[in-house]
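Remarks on the overall topology
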Amino acid sequence: MDKKRGLLNVTVSIVFKIFLLIANILVRRFLIKYIGNEINGLNSLYISILDFLSVAELGVGSAITFCMYKPIVDGDTQKVSALYGLFTKLYLIIGLIISVCGCVLFPVLPYLAKDYSELNVNLYLTFGLMLISVVLSYVFSSKTSLINAYKNNYITTTINSAGQLFQCGLQIVVLITTRSFVWFLACRVIAVVAQWVATEIISRILHKPIISNKQRIDAATKKEVTKSVKAMFMHKIGGVLVNTADSIIISAFIGVVVLGKYSNYTTIITAMFGVLVLCFSPLTSVIGHMCLQEDKTQIIKYLNFFHTLNFILGIVFYLGYYAVIDNLVAILFGNDLELAKTISLVITLNYFIQFMRQATLLFRDATGTFYNDRWKPLFEGLLNIGLSILFVCVFPEDYKVVGVIVATIITNLFICHIVEPHVLYKHAFHATAKKYYIRNYVYIAVFAAVLVALHFSSVTISNHWLELLANGGIAVALAIVPCIAAILMNRDFMGMLKNMLHKIKHRGGQTEAVAEANQPEPTEEIADQKESETVEIEAESNEDEQIK
């Protein structure tokens, strides 16, 4: 496994994600301050609709990187060029489809934003600008995927993150100077164009022979690629139906004002989710190459390691989120934008349960087994929408948002956490997932128990900052014991951890040896001085003997 490349990808991704988290919070704060929480809710609705339309690249991105692993490892640049040409056409077709679907949605917009009439906003112009920014991103997506396939995710992460930071800076300036939602959205278009130019330049520097070499794909490879793309398309549809449908249902059934408050909570947790996921997703190409070179027993050990790491990261950060989120929202966005404690509790549990899938999804995308459970996402998405609409109609007024989130929790627990590990173990490892199931559901049960303990252990202080620090400290203290227990009970995690520590210690020993070897030989003067000192010491000891 290319650990150095993987570490570089992860480090760059996490650093930029933290900067983006801060930048996006600042943008949202200025948006609420200068235009209002209602526009904030409308902006969140637009993002959810376009996520729904784009279906997270329709799965083409993951399929591209997987299909390119083998020819890259084999050094078959002709096939890589052919695949790149095919994926460029696919992305352009996808962009066209999204454009058409977005235009079809224009007449429906007033029905999706329940109380939009209270806002002085042109729905069609503002949504159109958001649509243009998304469609433009598909023009250069094939070049982004090509760079990622060569395990250089840190390059595309830098381009994308720098573009988003540029966008955030422009939006803050626009909000302060114009207070215009139209110009706020126009900044997205400008930032995407900047990313397009940067990606074009860098991709041609790195892979100009592949981009320039026009090759036709053979029928067998085209069939294999189409199969992978269709499978990932269905997976991404399920993910979108689960994640973005919640916001659309809240907006349509409850209103954009409530969605604005809800989005303040989800913005912070999705940003945190994005940072934590970067401990896994940048490693997809690295593990994909590893799966072609190492035996299945070793790969399972890596999966066990990442699964326990998944739990440790999740319990620390999501307990911390629940402990501080109400104070954080009050500090960042205003006291009148807080939600009921039950809502923040189910939001936390929902995102932790989704986060616990990351280890499985990492190895699923790396091994290409996404085809084998391609029907699962459709059942997952349809069940989630059905339950969400049912619960939002049945639950009392104060618990309608809770009902929508509970539907997502049920869907994840009883479909995703059962089907995905089974398919991965059966088709990639040719083994049973029984041990994985036991460990996974124990992890979720432990988190739920500790979350309830934190709920009853939290303190109330009049000062938001003091309450945040106190409850944050309680969350960290409660997380320590489960983390230690998880490490001690997982032999694969312990083995890899000891191996890493041994390597660090061994390298330290080598460094000391090299330092000693590189020390200069003593000069003649120093040697003579040492010899005279030795003679003096011997003379003194002879005198002492005579005195005795």
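Everything below is about the structure shown above.
In short, a report on the structure. (Residues numbered from 1 in each chain as written. Predicted model: local features only at pLDDT ≥ 70, side-chain atom pairs only at ≥ 80, totals over all residues. Heavy atoms only, no water.)

**A word on the overall build of the chain**
Summing up its helical and strand segments, the chain has 21 helices and zero strands in all. A burial count over the chain gives 51% of its 548 residues as buried. Taking as baseline every contact in the chain between residues at least 6 positions apart, the subset at least 24 positions apart corresponds to 85%. Accessible area for the chain stands at about 26000 Å²; split by element, carbon and sulfur atoms hold 64% of it. (Helix = DSSP H or I, 4+ residues; strand = E, 2+ residues; numbered from the N terminus. Buried < 20%, exposed > 50% of the residue type's maximum accessible area, 1.4 Å probe, protein only. Contact = heavy atoms within 4.5 Å. Areas by Shrake-Rupley, 256 points an atom, 1.4 Å probe, with all protein chains shown as cover.)

**Let's talk about the packing of aromatic side chains**
Each aromatic ring pair is described using two quantities: the centre-to-centre distance and the angle formed by the ring planes. For the structure on display, the rule yields 19 aromatic pairs. Their ring planes at 20° and their centres at 6.0 Å tell us that phenylalanine 181 and phenylalanine 184 sit as a pair that is stacked. Highlighted residues: phenylalanine 181 and phenylalanine 184, both in helix α9 (residues 181–212), separated by three residues, approximately one helical turn. Neither residue differs from the other here; phenylalanine 181 and phenylalanine 184 are each classed as buried. Ring geometry for phenylalanine 273 versus tyrosine 351: centroids 6.2 Å apart, planes at 75°, classification edge-to-face. In this pair, phenylalanine 273 is assigned in helix α11 (residues 256–277) and tyrosine 351 in helix α14 (residues 341–355), connecting sequence segments 78 residues apart. Put simply, the rings of Tyr46, Phe106, Tyr124, Phe127, Phe181 and Phe184 touch in pairs and so form one group of aromatic residues. The lysine or arginine in question, lysine 341, covers the ring of tyrosine 322, its NZ or CZ lying 4.5 Å from the ring centre. (Phe/Tyr/Trp six-rings, centres within 6.5 Å; stacked < 30°, edge-to-face > 60°. Lys NZ or Arg CZ within 6 Å of the ring centre and 35° of its normal.)

**Brief notes about the packing of helix α7 (residues 141–149) against helix α8 (residues 153–177)**
It is the contact of α7 with α8, at a shortest axis distance of 7 Å, that shows an interaxial angle of 145°. Side by side, α7 and α8 meet where Thr144, Ile147 and Asn148 of the first sit next to Asn153, Ile155 and Thr156 of the second. Of the residues that constitute the contact of α7 with α8, the class distribution is two nonpolar, four polar and no charged. (Axes fitted to C-alpha atoms, helices over the stretch in contact; angles between N-to-C directions. Nonpolar A, V, L, I, M, F, W, Y, C, P; charged D, E, K, R; others polar.)

**Looking at empty space enclosed by the protein**
Under the defined criterion, the tally for this structure stands at two cavities of 30 Å³ or more. Size it by volume and the second largest cavity reaches roughly 30 Å³. If you trace the second largest cavity, you find it lined by Met356, Arg357, Thr360, Cys416, His417, Glu420, Pro421 and Tyr436. Examining the composition of the lining of the second largest cavity, we find that four residues originate from one element, helix α17 (residues 400–429), more than from any other. When its residues are assigned to classes, the lining of the second largest cavity shows four nonpolar, two polar and two charged. (1 Å grid on protein atoms, 1.4 Å probe; cavity = no way out; pocket = protein on both sides within 12 Å on 5 of 7 lines; lining within 4 Å. Points joined across faces, edges and corners; volume = space filled by probe spheres on them.)

**Concerning the side chain of asparagine 310**
Examined against the element boundaries, asparagine 310 turns out to sit in helix α13 (residues 296–333). For asparagine 310, a relative accessible area of 0% corresponds to the buried category. In this structure the side chain of asparagine 310 is engaged in a polar contact, spanning 3.4 Å, whose partner is the backbone nitrogen of glutamine 358. With residues near it in sequence (within four places) discarded, asparagine 310 still touches Phe280, Phe355, Met356, Arg357, Gln358 and Ala359. (Polar contact = N/O pair within 3.5 Å; in protein donor to acceptor, adjacent residues only side chain to side chain.)

**Remarks on the packing of helix α6 (residues 123–137) against α9**
One way to put it is that α6 packs onto α9 with a least axis distance of 9 Å and a crossing angle of 10°. Taken as axis vectors, α6 and α9 run roughly parallel relative to one another. Contacts from Leu125, Thr126, Leu129, Met130, Ile132, Ser133, Val134, Leu136 and Ser137 in α6 reach Phe181, Val182, Leu185, Ala186, Arg188, Val189, Val192, Val193 and Trp196 in α9. Partitioned by chemical class, the residues of the contact of α6 with α9 number 14 nonpolar, three polar and one charged. (Parallel < 35°, antiparallel > 145°, perpendicular 65-115°, else oblique.)

**Examining the pattern of salt bridges**
One pass over the full model with this rule turns up six salt bridges. The shortest N-O distance in the salt bridge between arginine 204 and glutamate 200 comes to 3.4 Å. Of this pair, arginine 204 and glutamate 200 both sit in helix α9, four residues apart, which is roughly one turn of that helix. The exposure class of arginine 204 is partly exposed, given its relative accessible area of 38%. A salt bridge links lysine 376 to glutamate 380; the nearest nitrogen and oxygen atoms lie 3.3 Å apart. (Salt bridge = Lys/Arg side-chain N within 4 Å of Asp/Glu carboxyl O.)

**Focus: unusual backbone geometry**
Positioned with a positive phi, arginine 179 is a non-glycine residue whose angle comes to about 55°. Position of arginine 179 relative to the elements: it lies in the loop between α8 and α9. With a phi close to 55°, histidine 430 is a non-glycine residue in the positive phi region. Note that histidine 430 resides in the loop between α17 and α18 (434–457). For histidine 430, a relative accessible area of 61% translates into the label exposed.

**Some remarks on helix α15 (residues 358–367)**
Helical geometry note: an α-helix holds 3.6 residues per turn, so side chains three or four residues apart project in the same direction. Taken across its 10 residues, α15 has nine buried, putting it largely inside the fold. Where α15 ends, the next residue or the one after it, glycine 368, has phi of about 75°, a positive value.

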